[in-house]
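# Inside the fold
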Amino acid sequence: MRKLLFSPATMVVLLIMAAFFMGLATFIENDFGPKAAKNAIYNAWWFEVLLFLLAVNFFGSIFDRKLYKKRKWPVLLFHIAFVIILIGAAITRYFGYEGTMHIREGNASSSILLHEKALKVKPTEAHNFQHFFDYDIENPSSFEEAIELDGETYDITLSKNYNAAIEKAEPSEEGKPTIGFVLAGRSYRGFSYITQGEKRQYGMLTVAFSDTDTAADIRFSYKNDTFFIESRTPIAQGRMGDQQQRKLTAGKTALETKKLYQTANVNLVAQELYESANIIAAPVRAQNHKASRPALIFNVSHNNKDKKVVVWQSREFTNNISTVKFGETSLDFAYGYKVIELPFEIYLNDFEIERYPGSHSPSSFSSHVTIYQEGKDPKPYHIYMNNILKMEGYRFYQSSYDKDEKGTILSVNHDTTGTTVTYIGYFLLTLGLLWSLVSKHTFLRNTKIKTLSVLAFFMFLLTPFSDLKAQHKTHHVSENIVSKKHALKFGKLLIQDDQGRTKPVNTLASDIMRKISRKSKIAGMNPAQFFLEMHVNPENLVHIPFIKVGNDRVQQIIGINSNYASYTDIVAPGKGYKLSGMVEKVYAKAPAERNKADKELIKVDERVNICYGMFTSRFLRLFPAKDSAIDKWQTPDNAWKYAQNPEDSAFLKDVTGVYFQELSKAKKSGDYTQATEILNGIKKYQRSHAQYELPSESKINMELTYYRWNIFKKLFPFYATVGLIYLFILVGSIISGKRFSPWLNRSFMILVLIGFLAHTAGLAIRWYISGHAPMSNGYESMIFVSWVTILAGFLFNRYSPFSLAATAILGGFTLMVANLSFMDPQITNLVPVLKSYWLTLHVSVITGSYGFLGLGAILGIINLILFMLQSKKNKTRINETIESLTVINHKTLILGVIFLTIGTFLGAVWANESWGRYWGWDPKETWSLITIIVYTVVTHARLVKNMNGIFVFNVLSVYAFFSVLMTYFGVNYYLSGLHSYAGGDPVPIPTFVYVSIGLLITLSLLSWVNHKNMRNIQAKQ
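Keep in mind that this is a model prediction, so the values were computed, not measured. Residue indices follow the written sequence of each chain, beginning from 1 at its first position. Under the rules for a predicted model, residues below a pLDDT of 70 receive no local features and side-chain atom pairs below 80 are neither given nor counted, while totals for whole chains, interfaces and linings still include all residues. Note: side-chain values were computed over all heavy atoms of the structure, leaving out hydrogens and water.

Labels follow the DSSP assignment, with helices taken as runs of H or I lasting at least four residues and strands as runs of E lasting at least two, numbered in each case from the N terminus. Relative to the helices and strands, Leu663 is located in helix H16 (residues 646-669). Note on Leu663: relative accessible area 0%, which makes it buried. The spacing of Leu663 and His486 is 177 residues in sequence and 9.5 Å in space, taken between C-alpha atoms. Note on contacts: a residue pair qualifies if any of its non-hydrogen atoms lie within 4.5 Å across the two residues. When neighbours within four sequence positions are excluded, Leu663 is seen to be in contact with Val482, His486, Leu532, Val536, Tyr672 and Ala675. Accessible area is worked out with a 1.4 Å probe on protein chains only. A residue is then buried under 20% of its type maximum, exposed over 50%, and partly exposed in between.

Attention now goes to the sheet that holds strand E7 (residues 199-202). Following DSSP output, two strands are said to pair if at least two bridges run between them. Reading across from one edge, E7-E8-E9-E10-E13 is the order of the five strands in this open sheet, with mixed pairing throughout. One side of each edge strand has no neighbouring strand; the edge strands of this open sheet are E7 and strand E13 (253-254). In the sheet, strand E10 (residues 226-231) pairs with E13 via two bridges, with the strands oriented antiparallel. By the bridge assignment for E13, Ile229 is matched with Thr253.

So, on to the side chain of Thr807. Here Thr807 lies in helix H22 (residues 801-818). At a separation of 3.0 Å, a polar atom in the side chain of Thr807 contacts the main-chain carbonyl oxygen of Leu804. In this structure Thr807 touches Thr789, Ile790, Ala792, Gly793 and Leu855, once residues within four positions along its chain are discounted. Here a polar contact is recorded for every N or O atom pair within 3.5 Å, except that within protein the pair must consist of a potential hydrogen donor and a potential acceptor, and residues adjacent in sequence are included only if both atoms are side-chain atoms.

So, on to helix H18 (residues 697-709). The first and last C-alpha atoms of H18 sit 18 Å apart over 13 residues, in line with the 18 Å expected at 1.5 Å per residue. In the stretch just after H18, Asn710 is the one whose phi turns positive, near 50 degrees. The span one expects for a helix is its residue count, reduced by one, times 1.5 Å.

This part covers the pattern of salt bridges. Pairing is possible between side chains of opposite charge, provided their charged atoms come close. Salt bridges are counted wherever a side-chain nitrogen of Lys or Arg sits within 4 Å of a carboxyl oxygen of Asp or Glu. Evaluated as defined, the whole model comprises 20 salt bridges. Where Asp217 meets Arg232, a salt bridge forms, and the shortest distance between an N and an O atom there is 3.4 Å. One end of the pair, Asp217, is in the loop between strand E8 (205-209) and strand E9 (218-223); the other, Arg232, is in the loop between E10 and strand E11 (236-239), and 15 residues separate them in sequence. Asp217 sits in the partly exposed class, given a relative accessible area of 21%. Residue classification places Arg232 among the exposed residues on the basis of a relative accessible area of 54%. In this structure, Glu780 and Arg766 form a salt bridge, with 2.9 Å as the shortest nitrogen-oxygen distance. Of the two residues, Glu780 sits in helix H21 (residues 778-796) while Arg766 sits in helix H20 (residues 742-770), which places them 14 residues apart along the sequence. Assigned by exposure class, Glu780 and Arg766 land together as buried. Via salt bridges that share partners, Glu167, Glu198, Arg200 and Arg293 belong to a single interconnected network.

A separate point is empty space enclosed by the protein. Of the two site types, the cavity is a set of points on a 1 Å grid over the protein atoms alone where a 1.4 Å probe fits but cannot get out, and the pocket is an open set with protein on both sides within 12 Å along at least five of seven lines, each lined by residues with an atom within 4 Å of a point. Grid points are joined across faces, edges and corners, and a volume is the space filled by probe spheres set on the points. Scanning the model with the defined rule gives two cavities of 30 Å³ or more in all. Those elements giving two or more residues to the lining of the largest cavity turn out to be H16 and helix H17 (673-689). Nonpolar residues are Ala, Val, Leu, Ile, Met, Phe, Trp, Tyr, Cys and Pro. Charged residues are Asp, Glu, Lys and Arg, and all others, Gly as well, are polar. Among the residues making up the lining of the largest cavity, the classes are represented as eight nonpolar, one polar and no charged. Around the second largest cavity sit Phe6, Ser7, Pro8, Met11, Asn57, Ser61, Arg65, His940 and Leu943, which together line it. Looking at the lining of the second largest cavity, the elements with two or more residues in it are helix H2 (8-32) and helix H4 (45-64). Tallied by class, residues from the lining of the second largest cavity come to four nonpolar, four polar and one charged.

On to the packing of aromatic side chains, then. Side-chain rings of Phe, Tyr and Trp (the six-membered ring for Trp) are treated as a pair once their centres are within 6.5 Å; stacked means planes under 30 degrees apart, edge-to-face means over 60, and tilted covers the remaining angles. On inspection of all chains with the given rule, the structure shows 47 aromatic pairs. The rings of Phe20, Phe21, Tyr42, Trp46, Phe47, Trp919 and Trp921 are connected pair by pair, giving a single aromatic cluster. Taking NZ or CZ as reference, Arg93 lies 5.2 Å from the ring centre of Tyr94, over its face. Here, over-ring charges are defined by two tests on the NZ atom of lysine or the CZ atom of arginine: distance to the ring centre within 6 Å, and angle to the ring normal within 35 degrees. One cation-aromatic arrangement involves Lys307 over Phe326; the distance from NZ or CZ to the ring centre is 5.1 Å.

Glancing now at the pairing of E8. Within E8, five of the five residues are buried, leaving the element largely enclosed by the surrounding structure. The two faces of E8 match: Leu205, Val207 and Phe209 on one face and Thr206 and Ala208 on the other face are all buried. Two successive antiparallel strands, E7 and E8, enclose a turn made up of two residues, where Gly203 displays a positive phi of approximately 65 degrees. Bridge count between E8 and E9: three bridges; the pairing is parallel. Each residue of the ladder has a partner; that of Val207, found in E9, is Ile218.

In the predicted model, the chain carries a mean pLDDT of 82, and 88% of its residues have values of at least 70. Per-element confidence in the chain is highest for helix H26 (residues 950-959), whose mean pLDDT is 93, and lowest for helix H7 (residues 447-459), whose mean pLDDT is 45. For every residue, the predictor states its confidence as a pLDDT score lying anywhere from 0 to 100. Considering only residues more than four positions removed or in separate chains, one finds that residues 446-479, a stretch of pLDDT under 50, has 65 contacts. With pLDDT under 50 throughout, residues 979-987 is counted as low confidence; its partners more than four residues away or in other chains account for 25 contacts.

As structure tokens, then:
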């Protein structure tokens, strides 16, 4: 039993089971929500048993594999760390809790609303206590409880649990006077019931049913078998559909059914009047009734008397209280989120939100609060993203805010012990993993590899970028278009985009050209020239085919036979827009129902709209507006309206038109002096009127250089070509038995090194331009993964030249994917949560790991090819190469899984600092953990019988990479979550994915068949 429990085979089985169920949970969450995933898997008892068995296995393996020996201490350390992490997670699971605190400006709060729901039972006011019973309405189960009150027992049993129900009045002698009415106001519209003694809030309107004078906008009352209505403002009464009305004073009047009562702010019609009725819950289909909500029906028994009570789900216990009465004793029932009272109070002095200039996108938002605690002086504090408030074991995080921006929503976490234990585990894990990199007893025995590995890790954490300057070349002036020299000057002008980023016009022009044509030049014009010509002389460009149309069906609709259409091909003079009706039909379809032609129609429609925007100068937001609330820059048509004086107004009205006139003259004469002077005037106006700091001249020049070089687009064919030629030569030398020339190896290494240096420069320049690490979106992380992949090739090149050839191919392929249409290379502003040093720390390490894991996959594919090419003649040479590459592959995968593990848990620390929890089973977190598990299985396969062969290891190293692809692409584009780009929309999987899988399966089968044949031949010998 001991061997079974602690064996590596058991560990592999448990890890595979854990990975499978966690992956399944992410798809359950995508379809049914996070709560369903937690109920079905994460919080299930059997899943907790599975994790417990893993902890037992990790702990037992310490003794089973004698990890306590000195030479194995690094491995011992991270085995212990995993156990400690699981213990910390268990403490958090059972003893920690999370909630939210909502505070309006000028108000205070001393309570938090937990994420857990409960049933609250409170006796009459004479009894100073209340009962809370845990019950999850979304996870139905039996419920039987009892409370003791003055020696009497009240039994409470759940009778019905409705996920969706509506209120319905049922006549009853034991009921209360009840009114069913339709209310239509500015903030509420719908049907509702109200019973005597109730006071309800409908949006901004208060409605009460009370026989005493109660403060309310509308008050109902009941006396002498008659219902009455009164309002704070005069009421007009009339029949439904009747235009005649009579005015009433602001006093009581008899309430009648089917009559319309109008006040200044609301219309009301009484539809049902009951002298005595109970409100029951009638089950319905939620999608058919907007007013439906969950309801619980309890049976309350006391002294052989049974009574039913309907309890409606509400956010807080103070809402929707239901009462059941036995003699003089009343029991109030309420169901909602638990509330915890804090030993201190937080007062919101001011909530402020900062936006990127010219947009509504928040740059940051924060709360200025004061903490009041008995016996202590008030303490001011500033809470904002990545800056938390710690108080009495509670941690407060800036989470969200009210729509009117007058209130804050703080996430609250209380889990000091669980977090501390888990952090200890994270620290020991990181220490053990880094120790394994330098220990002479672990897999990295060579000093150079150890040094380079540690250096590579810490290179991710450094930011050594300096202020760089670019040199510009002077080009010949063309007689037909704006000269390149002047276009460059125009490209240096600053412009503000819709996302609030202030950037050179050349950057905007480059982004536009990429979107409409997927080219870097159109008709020999660079982006700035093309952008200017579209404003100065558009009639000469509308007939040139530059709008990308990449689908045959769409080309037929437009009436072209090439991949490019002109503007007049799509917007024909006298005929209008050819695609208008078809585009509307496509947008009406769900994303999963759109075929290739539909998706291309959407893209072409966007490209045409961009062209129209240039014709109308919509993108020319060149002029700062001083009285704009969000610092929004204006186009030439609107800028003069924001002028501070007549001189500025006159300048703004004429400057753009005069500039374009001078530009037209200069195109003919070749003299751009006047046009350049006007540009300088616009530039001076920008600098003097902008209300925020503008990019420096050096940054503008560098951005122009970055877009002109287009480094990453040029690198992917360079890497791929060099890598493939290198690989073919290497494989050919092994098959032929000819020795590979050292100078040829050095030549290829120098070529890849040149590309790598250019790659590094490109990352550095992008970092300098954007002001943040180039890892904030899909495109940036892909170019960084490619960089790390090439770095990994250099680290292992001295062991085998195959390493560098493989990484050149993979690096090129990664850059190719980065330049596909669904990736956006545009430099953008950061969202508030990414404004943190954790962005560099976490993202660089975790995406860097993908480079090493990718190298392992490519080496695995190379080995499968060698297995397939093996014959009697070359068997010895190929076996030696396979064994060498397998050793490198194993080391590469271990490096990758070390970086991936460290990066994942750095992300957990970041999540705790930003969102108030270090682990929330978000799909991205979960799939990162699944990938760690998958590669743990691969790297430990050598310890399991029937899995310890070289062929099996290489196959596993190839297919394990699919977990990386799922983590990177699948979660981002196919699942919903905090890291998702597509919100879970079921976007069709590209065809090349199926082709790649088919080729890999074919390669694996052919390699296995040949490998088996070679083993049989060897056995016979």
